[in-house]
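Residues per chain, in single letters:
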Amino acid sequence: MRGFSRLPRSVRLWFVPREIREEGTTPDYRFSLANERTFLAWLRTALALIGGGFAVDQFLPDLRWGWRVGLALALLTTGVLCSLRAVNHWVRVERAMRRGEDLPVSRFPALLAVVVAVVAVAMAVVVLLGWES
Amino acid sequence: MSDARDPGLQPERTRLAWRRTTLACTVAAVLAVKTALAGGGSATGVVACALCAALWLGFLLLAQSRIRTLAAPRPAALTPRAAGAAALCTIALAVCAAALVI
């Protein structure tokens, strides 16, 4: 993924926040707030996926252990990736706005959609076919 | 538009976005507590329960402090530290979940 090749630089910015302020000019505060809301929306998506992981574990107790844990871990891993991506994308957009560059594009939404679709289909198949213990 | 309120109500919308996210975090934390105590209150369950409660509290305080900053007429941008901390709370919750599920 394109975003991941630039990860070291972005990760450094999480921990050295002053660096981001030294670049370019401060954008209109409304743009920063819009970026913040997008970040929060991604964080909610991540929290929903994590909640889904808990729900699979709690509300499908008849499922075989492997399937239950596998589906729950798939959802939890997607949630972790989603929140990492949320903060990484927020930093990249903030930096692009300060420099007056185009906003970064990302393949992540499409990948997330595919992963969620696959997990949903797997869950439907497993529950309908009754692969229960 | 020096001190005038933004007609697009951007700070208010951002404040509500923080509230929604805190609510989502609450739902995840409640599910975590339910999972942790489902086993009948084992030592691991109680520790995980306390950890999830602490993470939820951390997120709540983070949201609260950001909401206070947003009350200014022209609020400063979110700091990378706050953004990282919010994401870290989420990730730690997921790690807790993974430990509980396995």
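Owing to the predicted nature of the structure, the values given are computational and were not obtained by experimental measurement. (Residues numbered from 1 in each chain as written. Chains lettered and ligands numbered in written order. Predicted model: local features only at pLDDT ≥ 70, side-chain atom pairs only at ≥ 80, totals over all residues.)

This brings us to the interface of chain A and chain B. Residue-level contacts link 37 residues of chain A with 38 residues of chain B. Per element, the largest residue contribution to the side of chain A that touches chain B is 20 residues, and it comes from helix α4 (residues 29–59) of chain A. Here the side of chain A that touches chain B is built from residues that sort into 25 nonpolar, six polar and six charged. (Contact = placed C-beta atoms within 7 Å. Helix = DSSP H or I, 4+ residues; strand = E, 2+ residues; numbered from the N terminus. Nonpolar A, V, L, I, M, F, W, Y, C, P; charged D, E, K, R; others polar.)

Looking at chain B, pLDDT values average 87 and 96% of them are 70 or higher. Taken together, the chains of this predicted complex give a pTM of 0.86 and an interface ipTM of 0.88. (pLDDT = per-residue confidence, 0-100.)

The next subject is the confidence of the model for chain A. Residues at a pLDDT of 70 or more form 82% of chain A, whose mean pLDDT is 85. Taking the mean pLDDT of every element in chain A, the minimum, 48, falls on helix α1 (residues 2–5) of chain A and the maximum, 92, on α4 of chain A.

So, about the environment of L49 of chain A. Residues and elements named next belong to chain A. As for its position among the elements, L49 is in helix α4. Taking the number of C-beta atoms within 10 Å as the measure of exposure, L49 has 26 and is therefore buried. For the pair L49 and R98, spaced 49 residues apart in sequence, the C-alpha separation works out to 32 Å. Ignoring any residue separated from it by four or fewer positions in sequence, one finds L49 in contact with L75, T78, G79 and C82. (Buried ≥ 20, exposed ≤ 12 C-beta atoms within 10 Å, placed from the backbone.)

In terms of nonpolar packing, the biggest core is built from 53 residues, with I50 of chain A together with A28, A32, C52, L93 and A97 of chain B touching the most fellow members. With 13 residues, the single largest contributor to this core is helix α5 (residues 65–99) of chain A. What I50 of chain A contacts, discounting residues up to four positions off in sequence, is L76 and G79 of chain A together with A28, T90, L93, A94 and A97 of chain B. (Core = buried A, V, L, I, M, F, W, Y, C linked by C-beta atoms within 7 Å.)

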